[in-house]
Amino acid sequence: MINRVLIRIKVVQLLYSYLLLEKQFLLESQPSSPTKEKRFAYSLYLDWLVLMTRLAQKVEKRGGECPLRDNRFTATILLDDKIKSLVAKYRIEDFPFAQAEAELAAAVKESGVFKLYAKKTDRMPGDEAGIWREIFNQIILADAKVNSAIEARENFTIRGVERAKELMETTFTNFYSSQGHVIDALKQLEQSLSKARELYFRLLILPIELTDLREREIDANRHKYITTSEDLNPNMRFVENQFVAALRENPDIYKYVSENKLSWLPEDERMLTALLRSIKESDIYYDYMNFPATDYHTDCEFWRNVFKFIIFSDPDFAETLEDKSVFWNDDMDIIGTFLLKTIKRFDSENHSDAVLPKFKDDEDARFGAELFSAVVRNREKYRSYIDMFVNSDSWDSDRLAFMDVVVMLTAIAEILNFPKIPTSVSINEYIEIAKCYSTGKSGAFINGLLASVIPQLRADGILTKE
């Protein structure tokens, strides 16, 4: 189910963040097209960071040393222009969390996580953000005065607080990654691939939950005070769809859903209700419900068309996916294609193995981690191949679009480290990735540069495959 096309995209995306943050750690940016909720979340996020820098000055250990003040995470935050501006502002204006600072500082000083950190003489890069992550989650978020101050802020919403927490978690993760932790980056890659697998199964159970929702509607209509003939004798074709019955009975779906406690309900009932309404109002539904007769094939085709023309283009559905996972909007095109392929596999005489495996084989399962590691391990060497053929009269190699550089590094890594993949396949795949994720001219630029690099690698004996 997770093919190499999707793996390549995820590796490029992860490498872009990893290599960029390895050079320079940046705080999260002001949201584009900000809503009141997003502005609230971003403002709270920045104030939490300011609070950390203020606590860092107050939490001392014996001898007057302030380990949190000398912490690299703290120092990096204080270099950010947005934080500098807020620190200056709060010298004049009241700081929103001022009433909580003394108690927080005392709680941090007495906490086990701080005492353990303060004792360390060989602090690793991950410890710098790790101590603040624990202080934030265990002490700051649990403080009553902090929470009272949050609730008193303009435009307060619980979802806004959750968004701010997500920004903080992203910041901790990005700092950690910026310190060169390949293992953590590889865990993130695996998480991203697992989330793609989850999306696949969420799509598979969507017809089941929409059917259940429609069945509850029919039952409610039968018990209305005033009923119509349609209420009492409804067309049951939708709820008796044979494809949905096959989904319910599939052991692979049942196993995954049970183990991962997967469901759209009750959290997304509003979205499901709106989606069901869109389906019922569509020509696809009208035609299906009014066919003289239907069979298993017709039932499968009905849901293929519902996904293709209704669900995949529904804005509420897309927004729900975005809220559930940062990975899913990018995954949707490919996973949606596999969902449609799966419906076709169900539309056969033997559909017991219709559900696609996570990876085609062990090579695909290893492909992402091996590709990512090859780029990180050899990026300077691969960058030298790129710089060798950049026309210095037209291009400054230091000013190449960073995504273009990442795509080319990944392409070269795949060409040199995966002998079974034809060179032409790799080139074509990364040209397409560049077209989607970089500038409009990137595909042609990368094609031209790789067309120069590859003959040189062959001439030097570095590349031997076709």
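First, a word on what this report is: a plain description of the structure on this page. Keep in mind that this is a model prediction, so the values were computed, not measured.

## Here we look at the nonpolar core
The biggest cluster of nonpolar side chains holds 106 residues, and the ones touching the most others in it are Trp303 and Phe317. Residue contributions to this core peak at 15 residues, all from helix α10 (residues 182–222). By size, the runner-up hydrophobic cluster in this structure holds 48 residues, among which are Phe40, Ile77, Leu141 and Phe175.

## Section: the environment of Ile9
Assignment of secondary structure puts Ile9 in helix α1 (residues 4–23). Between the C-alpha atoms of Ile9 and Cys436, which are 427 residues apart in sequence, the distance is 9.8 Å. Contact partners of Ile9, with chain neighbours within four places excluded, come to Ile334, Ile433 and Tyr437.

## Regarding the side chain of Arg202
Considering the arrangement of structural elements, one finds Arg202 in helix α10. A distance of 3.2 Å separates a polar atom in the side chain of Arg202 from the backbone oxygen of Ser263. Non-local contacts of Arg202, meaning those with residues more than four positions away in its chain, are made with Leu262, Ser263, Trp264, Lys324 and Trp328.

## Let's talk about the pattern of salt bridges
Inspection of every chain in the model, using the stated rule, returns 32 salt bridges. Across the pair Arg54 and Glu101 runs a salt bridge, and its minimum N-O distance is 2.8 Å. Highlighted residues: Arg54 in helix α2 (residues 36–58) and Glu101 in helix α5 (residues 98–110), separated in sequence by 47 residues. When salt bridges with common partners are traced through the structure, they connect Glu37, Arg159, Arg163, Glu166 and Asp323 into a single cluster.

## Notes on the packing of aromatic side chains
Scanning the entire structure with this criterion turns up 23 aromatic pairs. Taken together, a centroid distance of 4.9 Å and an interplanar angle of 70° make the contact between Trp48 and Phe136 edge-to-face. Of this pair, Trp48 sits in helix α2 while Phe136 is found in helix α7 (residues 125–140), placing the two residues 88 residues apart along the sequence. Summarising the burial analysis for this pair, Trp48 and Phe136 share the class buried. Members of the aromatic cluster, connected to one another through ring pairs, are Phe238, Tyr285, Tyr288, Phe302, Trp303, Phe307 and Phe312. Over the ring of Phe367 we find Arg4, and its NZ or CZ is 4.6 Å from the ring centre. The ring of Trp264 is capped by Arg202, whose NZ or CZ atom sits 5.0 Å from the centre of that ring.

## As for helix α22 (residues 442–459)
With 18 residues, α22 extends 26 Å from end C-alpha to end C-alpha; this agrees with the ideal 26 Å at 1.5 Å per step. For α22, the set of buried residues is Ser442, Gly443, Phe445, Ile446, Leu449, Leu450, Val453, Ile454 and Leu457. One face of α22 carries all of its buried residues, which in axial projection span an arc of 150°. Among the exposed residues of α22, those oriented more than 90 degrees off its buried face are Ala444 and Ala459. Against α19 (362–388), α20 (402–417) and α21 (423–437) lie the buried residues of α22. One or two positions beyond α22, positive phi appears at Gly461, with a value near 80°.

So, how was this worked out
- The residue count restarts for each chain, going from 1 along the sequence in the order it is written.
- Only residues with pLDDT of at least 70 get local features here, since the model is predicted, and only at 80 or more are side-chain atom pairs given and counted; chain-wide, interface and lining totals rely on the full set of residues.
- Calculated side-chain values reflect all of the structure's heavy atoms, with hydrogen atoms and water omitted.
- We call a set of buried Ala, Val, Leu, Ile, Met, Phe, Trp, Tyr and Cys residues a nonpolar core when their side-chain atoms join them within 4.5 Å.
- Throughout this description, buried means an accessible area under 20% of the type-specific maximum (1.4 Å probe, protein chains only), exposed means over 50%, and partly exposed covers the range between.
- The secondary structure listing takes helices from DSSP runs of H or I that are at least 4 residues long and strands from runs of E that are at least 2 residues long, numbered from the N terminus.
- Residue contacts follow a heavy-atom distance rule, with two residues in contact if any of their heavy atoms lie within 4.5 Å.
- Counting of polar contacts relies on pairs of N or O atoms within 3.5 Å, with two restrictions inside protein: one atom must be capable of donating a hydrogen and the other of accepting it, and residues adjacent in sequence are counted only when both atoms are side-chain atoms.
- In what follows, salt bridge is the name for a side-chain nitrogen of Lys or Arg lying within 4 Å of a carboxyl oxygen of Asp or Glu.
- Stacked, edge-to-face and tilted labels apply to pairs of Phe, Tyr and Trp rings (six-membered ring for Trp) whose centres lie within 6.5 Å, assigned for plane angles under 30 degrees, over 60, and everything in between, in that order.
- Cation placement over rings: the criterion is NZ of Lys or CZ of Arg within 6 Å of the ring centroid and within 35° of the ring normal.
- Any helix carries an expected span of 1.5 Å times its number of residues minus one.
- Each C-beta atom gives one direction from the helix axis, and the arc is the one those directions make.

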